[in-house]
Amino acid sequence: MLGKLTWDAIPFDQPIPLISGAVVILAALGVLVWVIAKGWLPYLWKEWITSVDHKHIGIMYVLLGLLMLVRGFIDAIMMRAQQALAFHAQGYLPPEHYDQVFSAHGTIMVLFAAMPLVIGIMNFVVPLQLGVRDVAFPTLNSVSFWLTATGALLVNMSLIVGEFARTGWLPYPPLSELRYSPGVGVDYYLWAVQISGVGTLLTGINFVTTILKMRAPGMTYFRMPMFCWTALASCLLILAAFPVLTATLAMLTLDRYLGFHFFTNEAGGNAMMFMNLIWAWGHPEVYILVLPAFGIYSEVISTFSGKPLFGYRSMVAATLFICIVSFCVWLHHFFTMGAGGDVNAVFGIATSIIAVGTGVKMYNWLFTMYGGRIRFTTPMLWSLGFMTTFITGGMTGVLLAVPPADFLLHNSMFLVAHFHHVIVGGVVFAVLAGITYWWPKAFGYRLEEFWGKAAFWFALAGFYVTFVPLYVVGILGMTRRLQHYDVAEWRPWLMISAAGILVLIAGAICQMVQLSVSFLRRNELRDTTGDPWDGRSLEWATASPPPVFNFAVLPQVQDAEAFWDVKRRAREMHGSGSEPHYEALEMPRNSPTGFVCAFFATIIGFALVWHIWWLMIVGLVGAYATFVVFAWRDVPEYVIPAEEVARLDRANRIARQEAPYGASAI
Amino acid sequence: MKSVGPMVRQAALQALLCLAAVMLAPSLACADSILEPVGPVGRGDAIILLDAVVIMLAIVVPTIMVTLAFAWWFRASNTRAVYRPNFTYSGRIELIVWSIPTLTIFLLGGVIWIGSHRLDPFEPLPSTAKPLEIDAVTFDWKWLFIYPEQRIASVNRLVVPVGRPLHFRITSASVFNVFFVPSFGCMIYAMNGMVSQLNLQADKPGKYLGLSAHFSGDGFSDMRFDPIAVPAAQFADWAAGVKGAPLDRAAVGVLLKQSRAVAPYTYRGVDPALFDAIASQKLPPGEGPQSGRGAPGTQNAMSRGRAP
Ligand code: HEM
Ligand SMILES: [Cu+2]
């Protein structure tokens, strides 16, 4: 009846997952009760859960990403603590648990923290920057989000029902095959990643279509803000890479569920094939994350230097160059398999060629600052922290791309330090810069600067204190994923690294304080103009938060820096004084399709993990029915009358009259 | 001047890090550092590594300095800095911007090409001495080193003669692992159904650190072995004196069962066809765990034995 699910699935014998699981469940229930008691449920349902507004979906993505960032961070604290303790000892986490912790950490951080954060910012910003009212497929967008949330839910569910994979964040066979991993951990991994992967692929389709097809009148490709270009490149990578991931994991699934032999030791399976395929997705994946991050830095550095981006076309070229070359380098993740001098050399050189694109970007940001008037706001600090940090992270990457050097460093703590260097210094800093930068647009008030800057300094210092020692232990021969060790020389460095985590915790606390303080002081920090930073692109040309339709009248773009151009010439757009001609607008209606779909996807995923076949069929039928109901809807849109559009827009026009930065002229 | 503070602090932080790196250098030269290898392969790899670092630092350090300098000089409060809001393109700068990284990578590409070929792990070492043959097999979770010419084998201990080239053939009887002795240099994968080759040499007697660099399951942390380099004569004595049961199929059957933290021991009398039988999958692969959460016949995942 319940497949493999029995009471044994609950880890009654392991206090750590049990207690933390209970706390999470209680907290979630508490929030739910509170929301119901306050009577907010209808509001949440109407404005958020069923919303197809790209702004709301973007914010929900970011919220999910932040929650998962915290979960992943807790895993990280546990691992650093374990390695600080487990010298000539077992530490406090047995291998069976420690292995789950690092596997969950990697999976969650890459797929359920970094991806939702980056995609969330893309969701919120891209349509605004393009000067349009929504993405190409608004309901699909909601489906994407909720499927991602399903994946995150399944991963977290494995904490208390069953176990998570004990194979690392990329489940290499033969270890991940049934013979060596008979538990449900790998199955949780597979279904969580597959389901959220569908969501990500749909996002890719949605944004490529939006960017190629739906720009404001006059916005040619070479007038798009840099962030839109990087979002386009990232989504093209998603389109090309995620199907590879899906197919690869499907093969592993067939091995595990139906006795196929794609990657098994027996019957002619070839596990090396998995390595090739998974990295054919995995390497582009890191650029899916970092390209939009580059886009965020481009926006921030240009705005706070008071200058357009230097070498815009060069930047576009470098972005597309990275986009293509990142598909030709996957073998650098296993030089040590001994493919031979020619193959290793070709992939090593291809890998370092990517650094050319990255280097060009670096210099262009540099010259964007040159001749600028730099304001050191929190987002700008994150960007400068990134510029100085990422160069060395890229350098260690190129070092790993030199095969003889990689022969000494592969899978060592040095590698761990490298990818945290680029992901923390590149992606996480970018996301925090982006959140601070676009927060006033999303919520109508700025974030408090003092705590934001404190968070930055703690994060920067904490990053170095945590990860520089890991480079050192890597050089001392320490490999990754060790649950215990007895090499005395490693110990001091691992202790320093653990101390670094404390500094990072301080940073995380400052960040949370910043959000809370800003919320409490939101009236002081209010920005009524919609243009708090003297912005240059179209998202600053509308109210904060923007009305559902984003722009009452679609902007006419005449320059690469649409809004700056308008401000400078202080004319046209809405015409100073002379009100534009408002028309009634059609906007897509909210739809519970995404939420309901994800509900059934969760059931399907859970049923497949535990081999509860009848439940899986229920889920499939439900999901299909949802799809049919959606296809049969007869009123896809609703109309906002012209008077309502005018009423909403007028308020903002008045506010802008008082704005600094010359926005008043609009 | 309010905004200068952060940049100064950042510069100070970076300076501190450089200092730390300098102080660190001597401590890296102890223990089993990959920068203090005891054989030609490790030395070759480490030299390439350092070359690559130096080549890259040549542009990385100036770039960081210029970043900080620009950020500091062009701060909004600096009235002496010229504001050039329209400086957005310069053909000359673009040319330089593309050529600096390109030239660096050109140089590095040469290093990569030469290094990859010269230090390919499958390439025999340029030495007149005949290499010592060693066949390594990974099990869950221990290393088996077979000395086919001596007809002996050793678990979790690798004894090698100093100054003589070593030729390894490496495979796995279960999941992936990576053979890694930081002091000797070059690592290589051990994979079921495949044979990797590795050529190494140790020039200094001593006891070193040996481990697996690829995660292989719950007993992974105990995939440790002791590489011991001894003078040639001592090696010959050791090989002649090794005691133990014969390593035959039955003995391999025991090794195929999962076990952790196995103390080193030896075999005398090795079936010479054994390595090929494992590598060509004539012998079945390791059994894997007999339990696991949510698996059929579930017991407590943690109560698994620690034999032998
Ligand atoms: C200059 C650009 C970069 C180069 C040349 C580079 C090179 C490499 C190489 C050669 C490896 C494999 C090393 C090994 O396994 O022995 C590696 C691993 C990795 N890199 Fe990078 N990298 C670069 C940038 C990035 C960026 C931007 C990210 C992420 C945003 C990233 C994330 C990773 C991750 C996650 C791994 C390890 C994954 C694993 O084994 O679990 N890298 N990188
Ligand atoms: Cu890669």
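Residues numbered from 1 in each chain as written. Chains lettered and ligands numbered in written order. Predicted model: local features only at pLDDT ≥ 70, side-chain atom pairs only at ≥ 80, totals over all residues. Heavy atoms only, no water.

K.L.:
I'd like a rundown of the overall build of chain B, residues and numbers included.
P.N.:
Broken down by element type, chain B carries six helices and twelve strands. Looking at chain B as a whole, 53% of its 308 residues are labelled buried. Of all intrachain contacts in chain B linking residues separated by at least 6 positions in sequence, the fraction that spans at least 24 positions is 69%. Total accessible area on chain B is roughly 13100 Å²; 66% of this is exposed by carbon and sulfur atoms. (Helix = DSSP H or I, 4+ residues; strand = E, 2+ residues; numbered from the N terminus. Buried < 20%, exposed > 50% of the residue type's maximum accessible area, 1.4 Å probe, protein only. Contact = heavy atoms within 4.5 Å. Areas by Shrake-Rupley, 256 points an atom, 1.4 Å probe, with all protein chains shown as cover.)

K.L.:
Describe helix 7 (residues 226-258) of chain A, listing the residues and the values that go with them.
P.N.:
Given 3.6 residues per helical turn, the α-helix brings residues three or four places apart onto the same face. Residues and elements named next belong to chain A. With 33 residues, helix 7 extends 47 Å from end C-alpha to end C-alpha; this agrees with the ideal 48 Å at 1.5 Å per step. The largest bend along helix 7 reaches roughly 30° and is located at Leu239, with the proline Pro243 sitting one to four residues downstream. Immediately beyond the C-terminal end of helix 7, within one or two residues, lies Gly259, with a positive phi of roughly 70°. (Expected span 1.5 Å × (residues − 1). Bend = angle between axes of the 7 residues up to and from the residue.)

K.L.:
Before we move on, can you summarise the coordination of the iron atom of ligand 1 with the specific residues and values?
P.N.:
Residue and element names in this part refer to chain A. A lone protein donor binds the iron atom of ligand 1: His418 (NE2), at 2.3 Å. The distance between the iron atom of ligand 1 and the copper ion (ligand 2) comes to 4.8 Å. The residue His418 is located in helix 13 (residues 413-443) in this model. (Donors = N, O, S within 2.8 Å, 3.2 Å for Na, K, Ca; no water.)

K.L.:
I'd like a description of the site of ligand 1, backed by residues and values.
P.N.:
All names here are of chain A. Near ligand 1 lie 23 residues; those nearest to it are Trp169, Asp406, His410, His418 and Arg480. Trp169 is positioned such that a nitrogen or oxygen atom in its side chain is 2.8 Å from an oxygen atom of ligand 1. Between ligand 1 and the protein, one listed contact pairs an oxygen atom with a side-chain N or O atom of Arg480 at 3.0 Å. Looking at the shell around ligand 1, the elements that each hand over two or more residues are helix 8 (271-305), helix 11 (378-400) and helix 13. Element by element, the count of residues in the shell around ligand 1 is highest for helix 13, at six residues. For the shell around ligand 1, the per-class residue count stands at 14 nonpolar, seven polar and two charged. (Near = heavy atom within 4 Å. Polar contact = N/O pair within 3.5 Å; in protein donor to acceptor, adjacent residues only side chain to side chain. Nonpolar A, V, L, I, M, F, W, Y, C, P; charged D, E, K, R; others polar.)

K.L.:
Residue-level account of the coordination of the copper ion (ligand 2), with values.
P.N.:
Coordination of the copper ion (ligand 2) by the protein involves A:His283 (ND1), A:His332 (NE2) and A:His333 (NE2), with metal-donor separations of 1.8 to 2.1 Å. As a motif over one chain, the donors of the copper ion (ligand 2) read H-x48-H-H.

K.L.:
Can you tell me about the interface of chain B and chain A, naming the residues and giving the values?
P.N.:
Across the boundary between the two partners, chain B contributes 110 residues, which contact 113 residues of chain A. Residue A:Asp486 pairs with B:Arg224 through a salt bridge whose shortest N-O separation is 2.5 Å. At the junction of chain B and chain A, the tally comes to 27 residue pairs in polar contact (both at pLDDT 80 or more). Contributions of two or more residues to the side of chain B that touches chain A are made by helix 1 (4-28), helix 2 (40-73), helix 3 (91-118), strand 7 (185-190) and strand 10 (210-212) of chain B. With 17 residues, helix 2 of chain B is the single largest residue contributor to the side of chain B that touches chain A. Broken down by class, the residue content of the side of chain B that touches chain A amounts to 64 nonpolar, 30 polar and 16 charged. (Salt bridge = Lys/Arg side-chain N within 4 Å of Asp/Glu carboxyl O.)

Keep in mind these values describe shape, not function.
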